[in-house]
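Structural features, examined
What follows is the residue order along each chain.
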Amino acid sequence: MASAALEILGLTLCVFGTLLEMTACGLPTWKVTAFIEANIVVAQTIWDGLWMSCAVQSTGQMQCKMHDSMLALNHDLQAARALTVISSVMCVIALMAVIAGAQCTNCIKTDSVKARVVNVGGVIYIISAIFMLVPLCWMANNIISDFYNPQVPSSQKREIGAALYIGWAATAMLLIGGSVLCCSCPASGNTGYSVKYAPNKRATPNGDYDKRNYV
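Predicted model, so just to flag it, every value in this text is computed and none were measured.

Definitions and limits used
- Residues numbered from 1 in each chain as written.
- Predicted model: local features only at pLDDT ≥ 70, side-chain atom pairs only at ≥ 80, totals over all residues.
- Heavy atoms only, no water.
- Helix = DSSP H or I, 4+ residues; strand = E, 2+ residues; numbered from the N terminus.
- Buried < 20%, exposed > 50% of the residue type's maximum accessible area, 1.4 Å probe, protein only.
- Contact = heavy atoms within 4.5 Å.
- Areas by Shrake-Rupley, 256 points an atom, 1.4 Å probe, with all protein chains shown as cover.
- Axes fitted to C-alpha atoms, helices over the stretch in contact; angles between N-to-C directions.
- Parallel < 35°, antiparallel > 145°, perpendicular 65-115°, else oblique.
- Left-handed = near helix turned anticlockwise from the far one by under 90°.
- Nonpolar A, V, L, I, M, F, W, Y, C, P; charged D, E, K, R; others polar.
- Pairing = 2+ DSSP bridges.
- Lys, Arg positive; Asp, Glu negative; His and termini not counted.
- Salt bridge = Lys/Arg side-chain N within 4 Å of Asp/Glu carboxyl O.
- pLDDT = per-residue confidence, 0-100.

A few points about the overall build of the protein chain
Along the backbone of the protein chain there are four helices and five strands. When the 215 residues of the protein chain are sorted by exposure, 33% land in the buried category. Taking the contacts inside the protein chain whose residues are at least 6 apart along the sequence as the reference set, 64% of them involve residues at least 24 apart. Counting every atom, the protein chain has about 13300 Å² of accessible surface; 65% of that belongs to carbon and sulfur.

A look at the packing of helix 3 (residues 111-147) against helix 4 (residues 162-182)
The N-to-C vectors of helix 3 and helix 4 enclose an angle of 155°; their axes lie 8 Å apart at closest approach. Taken as axis vectors, helix 3 and helix 4 run roughly antiparallel relative to one another. The element helix 3 and its partner helix 4 pack so that their crossing is left-handed. In the contact of helix 3 with helix 4, the residues fall into 18 nonpolar, seven polar and no charged.

What about the pairing of strand 2 (residues 44-48)?
The sheet contact formed by strand 1 (residues 31-33) and strand 2 spans two bridges and is antiparallel. Across the sheet, the residue bridging to valine 32 is tryptophan 47, located in strand 2.

Focus: the side chain of glutamate 7
Looking at the element boundaries, glutamate 7 is found in helix 1 (residues 2-26). One buried charged residue, glutamate 7, remains without a salt bridge, the closest side chain of opposite sign being lysine 114 at 7.3 Å.

Some details on the confidence of the model for the protein chain
When pLDDT is averaged along the protein chain, the result is 81, and 81% of the positions lie at 70 or above. For the protein chain, strand 2 is the element with the lowest average pLDDT, namely 83, and helix 4 is the one with the highest, namely 94. Here residues 189-194 scores under 50 on pLDDT; set against residues more than four positions off or in separate chains, the count is zero contacts.

Considering the packing of helix 1 against helix 3
Running from N to C, helix 1 and helix 3 point in directions that differ by 30°, and their axes come no closer than 11 Å. Judged by the inter-axis angle, helix 1 sits roughly parallel to helix 3. Considering only the axes of helix 1 and helix 3, their crossing is left-handed. When helix 1 is examined against helix 3, the residues Glu7, Cys14, Thr18, Glu21 and Ala24 are found in contact with a partner set consisting of Val118, Tyr125 and Met132.

Next comes the structure, spelled out in structure tokens:
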């Protein structure tokens, strides 16, 4: 029961982490306009994401445009695209492995093999979390470096957007959930109790059983 509870807990964390990761990947709020001028009333706010850029007007109207060329993007955006997509695919593969090896399913008959498959799924979740963590930290480092760089114009400076925080939360859930799944150990078939059988009763030459059998 304890291992089944750990599997449910780990799988729940990983599923929510996967959903948050995919949400962060699709949101255009990886970089947002930095309000560092004396006048905070601006006509529009710029959002930059992995797949599109959006301009939010002061009236509430929003216009978004997909990035025209992948080769024209910065290296951090190109790497973030590739790593986040790979991480999402790995999360789907890990989900299939955990479901196949879960104790509540009958895809695999042997309990020890099922537990090892769940452990493999947990390892894949941890690797996918690392793949997601790399572009998040890389992007945050570039945003902070450009923000404090005096050579970058104020109009081009950006701040950390909500998508990065969502991605960090997803990474934490994937790491914790994957670690919990890795703690699910295969059940040991040896219970520690040995079964002893009594020897067969021996008969005497006259056909009667030896009285020592009843002592």
